[in-house]
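These are the residues of each chain, in order.
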Amino acid sequence: MASTNDLKNGMVLNLDGQLWSVVWFQHHKPGKGGAVMRTKLKNVLSGKVVDKTFNADVKVEVANVDKRDMTYLYNDGAAYVFMDKQTYEQLSIQPETVGDASHFLLENQDAIVAVHNELPLYVELPASVELTVEYTEPGLQGDRSTGGTKPAKLETGYTINVPLFLTTGEKVKVDTRTGDYLGRVTS
């Protein structure tokens, strides 16, 4: 059990038998009445986001979520297979659980897998990853970084919008939370 005053982003709460992750929280003291804690909660299994307001200093049940460092191995067609870095135990995770993280997964990539009662809840990737552009239309003379964008297919098969000057074979940095192009990688 924890107090609503102790809430932090990423904390997982057990409310009415369902697991909810804290996406955003704000302590609010209205002009009259007691202080309240406004929150935005995301259902860990369904992905549904709701706004919920708690009275300040109310006890809430914190779910015991084990975040494990894992390495993505491969997709066997039905599930994504991850390996625990400590125990070398392999864990098959359904595509629904992996979600949008699948757009940025490469073999042997590190990830954090959240597990509750031996049930994988979600896969967390680093904030950004470096991927190679597998195909994009060739740029034209005069294309500059301040111009428009064009679609580019990444090595994972996912398509993002990149600046006009990028060419096939270049490495780009991509935000895993939004899927946005962050910049070109020079090595």
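A brief report on the enclosed structure follows.

What counts as what
Residues numbered from 1 in each chain as written. Predicted model: local features only at pLDDT ≥ 70, side-chain atom pairs only at ≥ 80, totals over all residues. Heavy atoms only, no water. Core = buried A, V, L, I, M, F, W, Y, C linked by side-chain atoms within 4.5 Å. Buried < 20%, exposed > 50% of the residue type's maximum accessible area, 1.4 Å probe, protein only. Helix = DSSP H or I, 4+ residues; strand = E, 2+ residues; numbered from the N terminus. Contact = heavy atoms within 4.5 Å. Pairing = 2+ DSSP bridges. Axes fitted to C-alpha atoms, helices over the stretch in contact; angles between N-to-C directions.

Our focus in this paragraph is the nonpolar core. Counting 25 residues, the largest nonpolar core has F82, V98, V113 and V123 as the members making the most contacts within it. Counting only elements with at least two residues in this core, the list comes to β7 (66-75), β8 (80-84), β9 (90-93), β10 (109-116), β12 (128-136), β13 (149-154), β14 (159-163) and β15 (171-175). Other than its neighbours up to four places away in sequence, V113 contacts D66, K67, R68, M70, F82, L91, I93, P120, Y122 and V123.

Turning next to the sheet that holds β14. One open sheet holds the five strands; their spatial order is β14-β13-β12-β15-β16, and the pairing between them is antiparallel. Only two strands of the sheet have a single neighbouring strand rather than two, namely β14 and β16 (181-184). If you compare each strand with its neighbour and ignore which way they point, the axes differ by 50° on average.

Right, let's get into the sheet that holds β7. The strand order across the open sheet built from five strands is β9-β8-β7-β10-β11, with neighbouring strands paired in antiparallel fashion. Both edges of this open sheet fall to β9 and β11 (119-124), since each of them pairs with a single strand only. Each strand axis lies, on average, 40° off the axis of its neighbour in the sheet, ignoring direction. Bridge count between β8 and β9: four bridges; the pairing is antiparallel. Bridge pairing links F82 to L91 in β9.

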